[in-house]
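Breakdown of the fold
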Amino acid sequence: MGLPATVPAPGLPARVSIHEVGPRDGLQNESSLVPVTVKAEFIARLAAAGLGRVEATSFVHPKWVPQLADAEELMPRLAGLTDRHPGLRLPVLVPNERGLDRALAHHATEVAVFASATETFARRNLNRSAAEALEMFKPVVERAAAAGVPTRGYLSMCFGDPWEGPVPQDQVVGFGVRLLELGCTELSLGDTIGVATPGQVTALLEAFDRAGVGADRLAVHFHDTYGQALANTLAALRSGVTTVDASAGGLGGCPYAKSATGNLATEDLVWMLHGLGIETGVDLRSLVATSAWMARQLGRPSPSRAVQALAGSVAADSSDAASG
């Protein structure tokens, strides 16, 4: 139908890079194990839909995230994807040096570490203080850099913590700056339980700017617990951010924070960005078809509004093409 209608708005970037987290952050909270063949096909379909950054898995200990215990089995199945899709990036999460060893052994070209802006979540998620976690990450980032592998830094609980409540801006900025000083090439600010509002987002990004961290070094990662993820993303774009994390089909949550519901759905994000005339490189219909396919693998409907609205028309087009 030629939708969404494209109506650009002033003060927004011409292009946004989407950091797709569905295969890792999206699937890690699933209670039923997803076969490695399905995971590999999911990643391949996402790449074919035009997503240039797809976070593939995590080299965390299987005891902590059983869903991702097949990382070693998955990585060889992705061989050749970057040849078929030049420029495709397949980062992986590593919790410590042991995780880095495993990732490098499987030829990972980008890694990420996951820190916390609050003490309680650090204790529950990493079993150490927030400061101790940063010390643990220091050799990881250094060794990765020595191997020519860039490290992304995730910072969780940037807007609110289920145990500690609102998180002070200075606290978030302090931990974020330290991650960048360790050598992280990008910092993703996480609204882990989805409590942020646009004013908070703008204020936090302004605080980072005052600390000497420009929007070009930042990404945003919003959960949609209270329906604010798209509004928060728009506020971030207006503040100069051009990298946004999202999960195909709105999959995901956080296994260590039960109040964290799904991530911002990639399809909902792409619909908004394309309506604003912002380039993403993503084929929305192909992406919708991929998330509808993944929802069938999981045995439940996709929570993404765009998938719900478009899946029927995408399936009808596919049927018409097959019959024609």
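So, how was this worked out
- Residues numbered from 1 in each chain as written.
- Predicted model: local features only at pLDDT ≥ 70, side-chain atom pairs only at ≥ 80, totals over all residues.
- Heavy atoms only, no water.
- Helix = DSSP H or I, 4+ residues; strand = E, 2+ residues; numbered from the N terminus.
- Rg over C-alpha atoms; globule rule 2.2 N^0.38 Å.
- Buried < 20%, exposed > 50% of the residue type's maximum accessible area, 1.4 Å probe, protein only.
- Contact = heavy atoms within 4.5 Å.
- Areas by Shrake-Rupley, 256 points an atom, 1.4 Å probe, with all protein chains shown as cover.
- Lys, Arg positive; Asp, Glu negative; His and termini not counted.
- Charge placed at Lys NZ, Arg CZ, Asp CG, Glu CD.
- Phe/Tyr/Trp six-rings, centres within 6.5 Å; stacked < 30°, edge-to-face > 60°.
- Lys NZ or Arg CZ within 6 Å of the ring centre and 35° of its normal.
- pLDDT = per-residue confidence, 0-100.
- Pairing = 2+ DSSP bridges.
- Axes fitted to C-alpha atoms, helices over the stretch in contact; angles between N-to-C directions.
- Salt bridge = Lys/Arg side-chain N within 4 Å of Asp/Glu carboxyl O.
- Polar contact = N/O pair within 3.5 Å; in protein donor to acceptor, adjacent residues only side chain to side chain.
- Parallel < 35°, antiparallel > 145°, perpendicular 65-115°, else oblique.
- Left-handed = near helix turned anticlockwise from the far one by under 90°.
- Nonpolar A, V, L, I, M, F, W, Y, C, P; charged D, E, K, R; others polar.

A separate point is the overall build of the protein. Helices and strands together make up the secondary structure of the protein, namely 13 helices and 11 strands. Computed over its C-alpha atoms, the radius of gyration of the protein comes to 19 Å, within 12% of the 20 Å expected for a compact globule of 324 residues. Each principal axis of the C-alpha distribution contributes one length, and for the protein these read about 60 × 45 × 35 Å. Burial statistics for the protein: of 324 residues in total, 54% are counted as buried. In the protein, the share of contacts with a sequence separation of at least 24, taken over all contacts with a separation of at least 6, comes to 75%. Looking at the protein as shown, the accessible area adds up to about 13400 Å², and 53% of this sits on carbon and sulfur atoms. Distance between charge centres in the protein, computed from 26 positive and 33 negative side chains, equals 4 Å.

For the rest of this paragraph, the subject is the packing of aromatic side chains. Evaluated as defined, the whole model comprises four aromatic pairs. With a centroid separation of 6.0 Å and 45° between ring planes, the pair formed by Phe-114 and Tyr-154 is classed as tilted. Taken together, the residues span a long stretch of sequence, with Phe-114 in strand S5 (residues 111–116) and Tyr-154 in strand S6 (residues 151–156) at a distance of 40 residues. Each member of the pair, Phe-114 as well as Tyr-154, is classed as buried. Aromatic ring contacts, followed pair by pair, group Phe-114, Phe-121, Tyr-154 and Trp-163 into a single cluster. Stacked on the ring of Trp-293, the Lys or Arg Arg-45 has its end atom at 4.2 Å from the ring centre.

This part takes up the confidence of the model for the protein. Across the protein, the average pLDDT comes to 93, with 94% of residues at 70 or higher. The model gives residues 319–324 a pLDDT under 50, and that stretch makes zero contacts with residues more than four places away or in other chains.

The subject of this paragraph is the sheet that holds strand S9 (residues 186–191). One open sheet holds the nine strands; their spatial order is S2-S1-S11-S10-S9-S6-S5-S4-S3, and the pairing between them is parallel. Edge positions in the open sheet fall to strand S2 (53–54) and strand S3 (57–58), since each of these has one partner strand only. Bridge analysis of S6 against S9 gives four bridges, and the strand direction is parallel. Bridge pairing links Tyr-154 to Ser-188 in S9. Contacting S5 and S6, helix H6 (residues 119–126) runs over the sheet at an angle of about 130° to S5. Its contacts with the sheet put helix H9 (residues 198–210) on S9 and strand S10 (218–222), and the angle it makes with S9 is roughly 150°.

Within this structure, the stated rule accounts for 15 salt bridges. With a shortest N-O distance of 3.4 Å, Glu-279 and Arg-15 are connected by a salt bridge. Remark: Arg-15 occurs in the segment before strand S1 (17–20) and Glu-279 occurs in the loop between helix H11 (266–275) and helix H12 (284–298); sequence separation between them is 264 residues. Note that Glu-72 is salt-bridged to Arg-102, the shortest N-O span being 2.7 Å. Placement of the pair is Glu-72 in helix H3 (residues 71–77) and Arg-102 in helix H5 (residues 97–105), with a sequence separation of 30 residues.

The next thing to look at is the side chain of His-221. The topology assignment puts His-221 in strand S10. In terms of polar contacts, His-221 uses its side chain to reach the side chain of Asp-25, at 3.2 Å. In this structure His-221 touches Val-21, Asp-25, Tyr-154, Ser-188, Leu-189, Gly-190, Asp-191, Asp-245 and Asn-263, once residues within four positions along its chain are discounted.

Helix H10 (residues 229–238) packs onto H9 with a crossing angle of 30° between their chain directions and a minimal axis gap of 8 Å. Comparing their axes, H10 and H9 come out roughly parallel. The two elements H9 and H10 cross, and the hand of that crossing is right-handed. Together, Pro-198, Val-201, Thr-202 and Leu-205 of H9 and Ala-231, Asn-232, Ala-235 and Ala-236 of H10 make up the contact between the two elements. Taken together, the residues of the contact of H9 with H10 break down into six nonpolar, two polar and no charged.

Further remarks concern unusual backbone geometry. The phi torsion at Asn-127 lies on the positive side, around 60°, for a residue other than glycine. Mapped onto the secondary structure, Asn-127 falls in the loop between H6 and helix H7 (130–146). For Asn-127, a relative accessible area of 67% puts it in the exposed group. Non-glycine residue Met-157 carries a positive phi angle of around 55°. Structurally, Met-157 is set in the loop between S6 and strand S7 (160–161).

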